[in-house]
Structure formats: C-alpha cells, structure tokens
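# Residue-level structure breakdown
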Amino acid sequence: QIESAAYSLIPEKHQGPWHLSIGKKLLSSCNSEEEIEKIIFLITDQLNRGKLSMKEEAEHISLIELNYRAAKKAISSSMFSNASHYLKEGINLLEKKHCESHHRLWISLYVSYAETEYCNGNFKNVRDTVGSIIAHAKSLDDKVPAYKTLCLCVGSVKRKNIDATRIGLDVLGQLGEHFTLKRSFVSGFAELFKTKLLLMGKDVDIIMSKVMDDKQMLAIMDLLETTSIYCPPYFGFILVFRIVQLSISHGVSVNTAYGFAYYSGILCHLGDLCNASKYAKFSLDIMQRMQARQKYCRVYSCLYFGVFLKTNHMHSCLGPVLKARHEGLKAGDTLHATVCAALYCSIAFRCEKKLASVKQVLTHFKREAKVYKQEAMWTPAIPLEQAILNLMGHTDKPNLLDGSAMPSEKIDTLISNAKSDDAERLLCVAYYYQMLVAYIFDDLELAIKMVEEYLDLEYPLEGLVVGTEVVFLYGLTSLAQARKTNEVIWKNRGHESMRKVRKLAKDCPKNYHHKLLLLEAEFAFTAGRKNEASEKYEQAVTFSRNNQFIQDQALSYELAAKFHAEECNESKASQYYGKAHDLYVEWGATSKADHLRENFPF
C-alpha cells in the first residue's frame, strides 16, 4: 500500500519515462545473457510500461525481441497465459514494414502466439493469427507450423475431426507426401507388411544410428503425427506406418517415439502382444535418447491405452497415466493431457475401491477439459460418468444409461450423434458402458443387444482394454442366455469368449485370471458340472480379492449366489448374496446393492 501510494504521487506523464529508465538500468546492469535471462520478466515488464517514451526504431526492435525471449521462458515453465501476454506485446509493437525488414522475427512471434493461444483454449485468436501468418508468409516453411496449430485447433472442436484431417493432408501434399482419405484394407495391410519388412532385424540402436536433420522431412514428420491424431482409425494407421518408415529411411526425430508408441497400439489391436511390447519399449527408449520430454504425454497415452494395460497390473498404471497428464499440461499438450485424464478415470473405475473417489476426480478433470476447450476429447468419458451415476443411485432407471451426464439425458442421443459423426471410438465406449449397466441390473436382453451392436462396428476396439472388457461381458451374457434358452449358439459364444479371455489371462494373470475363472464357473454351471462350478466360483472370489478388483469380487459372489440358489442351497446362497451386497455398498454402488436386496430370492 505504501509503494502504491508513493507511485500515485508520480505524475502520469512521468511514469512511462520512469519505467523506461528503470528497464534500461536493469538491462545495462547485466554482464551476460545468463544474467538477462534470470530477470528477463522484470526487465521486459518495465520496458513495456515505458514503450511510449521510446524514440528510436532500434529500441522498439530490441523490446520486441525481449518480449519474444520472455515468452519463450514463460513457455518453458508452462506459463502459457504469461507467454501470450508477452507475445501480444511484441506483436503490438510491430509495424507493417517489419514483415519485410524483420520477417523471421515477425513469423516467430505470430507462430508462437498461435501456439500459446491454442494451449490457453482461445481458438478464435488461433484462427485469426493463422490467417495473418498465411497472408504474410513468404514460403511454405513459414506456413507449416501455423497449419499444424490450426489442425490441432480445428480438431479440438466437436465433429471437426475430418476437417482437421483434411488440413493436415493438404499441407502434407504440398510437402510431397500424398494420401487419399478413403477406406482401404488392402493398402492398410500393404503398408503394415512394408513396415514389418523394414523393421526386420533392426534393434533400437540401429534405428537410432541416424538422426533426421532435413528441415522438410522434419516438417513432414510433425504433420504426420498431428494429422494422425484426428484421422479415422483406418487412416491413422497408414500415417503412423509412414512415420516409422521415414524414421528408418531418413533418420529418427522426436516424432519417432510417438510413431512407435502408436505402432505398438496397432499391433496390440491386431493381437500381436509380443511385438507390441517390443516396440513399446523402443518408443520409450527413443523418447529418452532424443530427450523428447514434450512427447511424454502422447507416448504414454498410446502405450497405456493398449499394450501396458494388457501386460501390467491395472493398479500400477494409475500413477504413470496421472504423471503423463501432468507432463502434457506442462508441455501445453492439453489434448493428450485430456486423453490421459479420461484414461485415468477409466482405469480407476475398474480398480479403485471407492466409486465416490472416481466421481470426484472425474468431475475435476471434466471441468479442466472445459477450461482448455477440449470437450471433444473428453466426450468418451461421458458414458463412464453416467454409468457411475447409475451405480450410485442417481437415476430412476439404472439399467439405462440415461441421465444428467448424457446429451439430452439420453444414451440414444449420444449414440445417434456418434453414428452421424462416424465416431466409432465413442460408439465403442457408449456400447460398453450401456451393456455393463444393463448386465449389472439384470437387463440381459439389452446387454446382449449392445454387445452385438458393438461387434457389428467396422473397427471395434477388440485388441484394446475396452474390447477385452466387452469380450468378458459377452461371455457372461451369452452363458446366462444359454441357461435361459437352452440354445447351443449361446453356449458356443460363451466358449469363444472364454478362449479369448484365457489368452488375456496368460499374458496378464493379475488383470484377467479371476475373470477367466468366473467365465469357467459360469460355463460349468451351464454345462451342469456342479462341483466344478462351485469350485471355480470360490477361486474367482479369491483371485479377484487378491488382485484387488472389488467390483469383480462382488460380481463373483453374486453369480455364485445365483448358482447356489439354483441348486436349492439357501444357506450358501443367502451368505453369498449378503457378501455381494456388502461389497457393492463398500464400492459405493448403492443402487446395485439396493437392486440385489430387492430381488433377493429368499
């Protein structure tokens, strides 16, 4: 207050010259660039406040450069709002003639401003700034970074993924990389085969032996990565194959780590877990050697979406995914930070002991996504949020994924929108959570309908985590339907699901062995092998408890109770229903606990 009072005594017309004088003295007191860097914010702030008192053009240019330096330092500390402030100050000091006389500085300011405003979620400013860059660019090199940011900006808006893809493909075409946006299994598998041949016999040391230094190739790699984010899966694969191919033929870049991470996910999707794990390790090794910390979030979002969740205990994945989200925010990669946030909630739902804790974290991340204008990337978490609300008792019809989290409060609206947008990933998630709550609340007909609609998708995420959960649920619903109808087709489908889960359990027993045991118990129950069924139910309970999956432990007790009730063992059935009820209450699924109590057969 004393400082403010003293400052107010200085006449307004003298304040600017005072700030200018202070800024100049601070700058002249520095004996090295390192000393300037330490107090760059203080120097720049003082000179900005005294800029109207500057007379010489050289002083203006010097201040523009200082603002650019201050912005770069702010970016390195993830202070994107501050960075935008300094860049805007620099831009406001530019005159029309500077686009010619200081073109590189002009372009650098505008490109950096577009990038930081994307990080701040100010997408209109991004579009306006990109428009200025394109209008004043002297070459394609000037435009490429701006187009990359525009691609990210457009893709962050709902229903604009194809527009973002087309922007990226258009610029790639100008750089000599031509792609046609069409569905083609033949070309996809041809590029996969080509990539496998190029990688044959190559370890990470051989791949890292050459580093890419050609400026145009580096721009191509950057655009291939950015464009692949928004492509439909069938086309994103082709762009990623190209990243890996160019890394082998022209040398590695920071984009190579992402390319191998995505490639690992493709192999995981195709069921080749051995090579998926191999190239996942390649990705992490390349990222470390290239010191590509800015790619940490993107790489981890790929790896933990697929291969690591199928090879590591789910509980051990929570920490790394949360860290990846944090690294993404630090790097300004708000898109993949949001992806990691949604992924974290999905994993936590499966293995956390308290639904309320998952809901609390989910609500926080949802607000964060809104702040960063990444609602489109958060959309796949909407069905999860509604499923949690259903389980916790915040809806009248818990078997239907309708409620406050849904667009128009209807799952049908979300599915209809996803179909019209060709958003198969969202459809996969919507079908999964609807089949889950339908099965949990004994709506077997709806659960089976959702499974079949999921499997009818052109690109179901079968090799990834949602897909593995669907396989498990398909087995449970099929075997329940087999007992209800006595039709062989349902028994065969249950057997096929059990075969797939057996493979998953072999790769990662901590995540899937208890699920296999539960399917085997249900299959034995269906086949009339009573002793085997009873034993398998007991084992499913034990292993789900040991592996810390409370919802699967509750489900194992519930299905065991149904089995014993069918066998007229009222004592054991009552005991197991009680244990299932208590576990659902402990988890926080009060609606399910109430449903179990209301439908108790005794």
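Residues numbered from 1 in each chain as written. Predicted model: local features only at pLDDT ≥ 70, side-chain atom pairs only at ≥ 80, totals over all residues. Heavy atoms only, no water.

### Concerning the overall build of the protein
Counting its regular elements, the protein contains 34 helices and zero strands. Principal axes of the C-alpha set define a box for the protein whose edges measure 95 × 65 × 40 Å. Each of the 602 residues in the protein was classed as buried or not, and the buried ones make up 55%. Sequence separation of 24 or more characterises 66% of the internal contacts of the protein that already satisfy a separation of 6 or more. Looking at the protein as shown, the accessible area adds up to about 26400 Å², and 52% of this sits on carbon and sulfur atoms. For the protein, the distance from the average position of its 74 positive side-chain charges to the average position of its 70 negative side-chain charges is 1 Å. (Helix = DSSP H or I, 4+ residues; strand = E, 2+ residues; numbered from the N terminus. Buried < 20%, exposed > 50% of the residue type's maximum accessible area, 1.4 Å probe, protein only. Contact = heavy atoms within 4.5 Å. Areas by Shrake-Rupley, 256 points an atom, 1.4 Å probe, with all protein chains shown as cover. Lys, Arg positive; Asp, Glu negative; His and termini not counted. Charge placed at Lys NZ, Arg CZ, Asp CG, Glu CD.)

### Brief notes about a nonpolar patch on the surface
A grouping of Phe-185, Phe-189 and Leu-270 is seen on the molecular surface, where their side chains present a nonpolar patch of about 320 Å² in accessible area. Here Phe-189 is to be found in helix H12 (residues 185-199). (Patch = residues over 30% accessible without salt bridge, like charges linked within 9 Å, V, L, I, M, F, W, Y side chains within 5 Å. Salt bridge = Lys/Arg side-chain N within 4 Å of Asp/Glu carboxyl O.)

### Notes on the pattern of salt bridges
For the structure on display, the rule yields 37 salt bridges. Between Asp-442 and Lys-562 there is a salt bridge, and its shortest N-O distance comes to 3.2 Å. On the criterion of sequence distance, the pair formed by Asp-442 in the loop between helix H26 (424-440) and helix H27 (444-455) and Lys-562 in helix H32 (residues 550-566) is long-range, its members being 120 residues apart. By relative accessible area, which is 41% here, Asp-442 ends up partly exposed. Among the ionic contacts, a cluster of salt bridges with common partners joins Glu-225, Lys-295, Arg-298 and Asp-333.

### Thoughts on the packing of helix H21 (residues 334-351) against H26
Between H21 and H26, the shortest axis-to-axis distance is 14 Å and the interhelical angle comes to 20°. The angle between the axes of H21 and H26 places the two elements in the roughly parallel class. Considering how the two elements wind past one another, H21 and H26 form a crossing that is left-handed. Two secondary-structure elements touch here, H21 through Ser-346, Phe-349 and Arg-350 and H26 through Tyr-432, Tyr-433 and Leu-436. The residue inventory of the contact of H21 with H26, partitioned by class, reads four nonpolar, one polar and one charged. (Axes fitted to C-alpha atoms, helices over the stretch in contact; angles between N-to-C directions. Parallel < 35°, antiparallel > 145°, perpendicular 65-115°, else oblique. Left-handed = near helix turned anticlockwise from the far one by under 90°. Nonpolar A, V, L, I, M, F, W, Y, C, P; charged D, E, K, R; others polar.)

### A look at the packing of aromatic side chains
The geometry of an aromatic ring pair is captured by the separation of the ring centres together with the interplanar angle, meaning the angle of the planes. Following the criterion strictly, the structure yields 22 aromatic pairs and no others. Consider the rings of Trp-106 and Tyr-110, whose centres lie 4.0 Å apart with planes at 20°: the pair is stacked. One end of the pair is Trp-106 and the other is Tyr-110, both in helix H8 (residues 103-119) and four residues apart, which spans about a single turn. By relative accessible area, which is 15% here, Tyr-110 ends up buried. An aromatic cluster is present here, built from Phe-241, Phe-260, Tyr-263, Tyr-279 and Phe-282 joined pairwise through their rings. Sitting over the ring of Phe-41, Lys-73 keeps its end group 5.4 Å from the ring centre. Taking NZ or CZ as reference, Arg-493 lies 4.8 Å from the ring centre of Trp-490, over its face. (Phe/Tyr/Trp six-rings, centres within 6.5 Å; stacked < 30°, edge-to-face > 60°. Lys NZ or Arg CZ within 6 Å of the ring centre and 35° of its normal.)

### Concerning helix H25 (residues 411-420)
Those residues of H25 not exposed but buried are Ile-411, Leu-414, Ile-415 and Ala-418. End-on view of H25: buried residues confined to an arc of 95°, all on one side of the axis. The exposed set on the far side of H25, more than 90 degrees from its buried face, consists of Asp-412 and Ser-420. In this structure, the buried residues of H25 make contact with helix H24 (382-392) and H26. (Arc of directions from axis to C-beta.)

### Here's the deal with the side chain of His-313
Tracing the backbone shows His-313 in the loop between helix H19 (307-311) and helix H20 (314-331). Among the polar contacts made by the side chain of His-313, one reaches the main-chain carbonyl oxygen of Asn-547 at a distance of 3.1 Å. Aside from chain neighbours lying at most four places away, what touches His-313 is Cys-508, Lys-510, Asn-511, Asn-547, Gln-548 and Phe-549. (Polar contact = N/O pair within 3.5 Å; in protein donor to acceptor, adjacent residues only side chain to side chain.)

### Some details on the confidence of the model for the protein
Averaged over every residue, the pLDDT of the protein is 91; the share at 70 or more is 96%. Taken element by element, the predicted model of the protein shows its lowest mean pLDDT in helix H1 (residues 2-8) (61) and its highest in helix H31 (residues 530-546) (97). (pLDDT = per-residue confidence, 0-100.)

### Digging into helix H10 (residues 140-155)
The end-to-end C-alpha distance of H10 is 22 Å, a good match for the 22 Å that 16 residues give at a rise of 1.5 Å each. Residues of H10 that are buried: Asp-142, Val-144, Ala-146, Tyr-147, Thr-149, Leu-150, Cys-151, Leu-152, Cys-153, Val-154 and Gly-155. Looking at the buried positions of H10, the neighbouring elements they touch are H8, helix H9 (123-136), helix H11 (161-174), helix H14 (215-230), helix H18 (296-305) and helix H23 (375-378). (Expected span 1.5 Å × (residues − 1).)

### Here we look at the side chain of Arg-298
With respect to the helices and strands, the residue Arg-298 is situated in helix H18. When neighbours within four sequence positions are excluded, Arg-298 is seen to be in contact with Leu-152, Glu-225, Ile-229, Tyr-258, Asp-333 and His-336.

### Some remarks on the environment of Leu-518
Among the secondary structure elements, Leu-518 is positioned in helix H30 (residues 509-527). Separated by 26 residues in the primary sequence, Leu-518 and Ser-544 place their C-alpha atoms 9.5 Å from one another. In this structure Leu-518 touches Phe-472, Leu-476, Tyr-537, Ala-540, Leu-555, Ser-556 and Leu-559, once residues within four positions along its chain are discounted.

### Topic: the environment of His-336
Summarising the element assignment, His-336 is placed in helix H21. Each C-alpha atom, one on His-336 and one on Thr-526, is 44 Å from the other, the two residues being 190 residues apart in sequence. Discounting residues that sit within four places of it in the chain, His-336 has contacts with Ile-229, Cys-297, Arg-298 and Ser-301.

### Description of the environment of Glu-59
Checked against the element boundaries, Glu-59 lands in helix H5 (residues 57-76). Judged by relative accessible area, which is 21%, Glu-59 ranks as partly exposed. With 388 residues separating them in the primary sequence, Glu-59 and Ala-447 have C-alpha atoms 71 Å apart. In contact with Glu-59, other than residues within four places in its own chain, are Lys-24 and Met-54.

### What to know about the packing of helix H4 (residues 40-49) against H5
At a minimum axis distance of 9 Å, the contact between H4 and H5 shows a crossing angle of 140°. The orientation of H4 relative to H5 falls into the category oblique. Here H4 runs over H5; the crossing is left-handed. Here H4 contributes Ile-40, Phe-41, Ile-43, Thr-44, Leu-47 and Asn-48 to the contact with H5, which in turn contributes Leu-63, Leu-66, Asn-67, Arg-69, Ala-70, Lys-73 and Ala-74. The class makeup of the residues in the contact of H4 with H5 is eight nonpolar, three polar and two charged.

### A look at the state of the cysteines
This structure, assessed with the given rule, holds zero disulfides. Among the cysteines around Cys-268, which has no disulfide bond, Cys-508 carries the closest sulfur, lying 11 Å off. The exposure class of Cys-268 is buried, given its relative accessible area of 1%. (Disulfide = S-S within 2.5 Å.)

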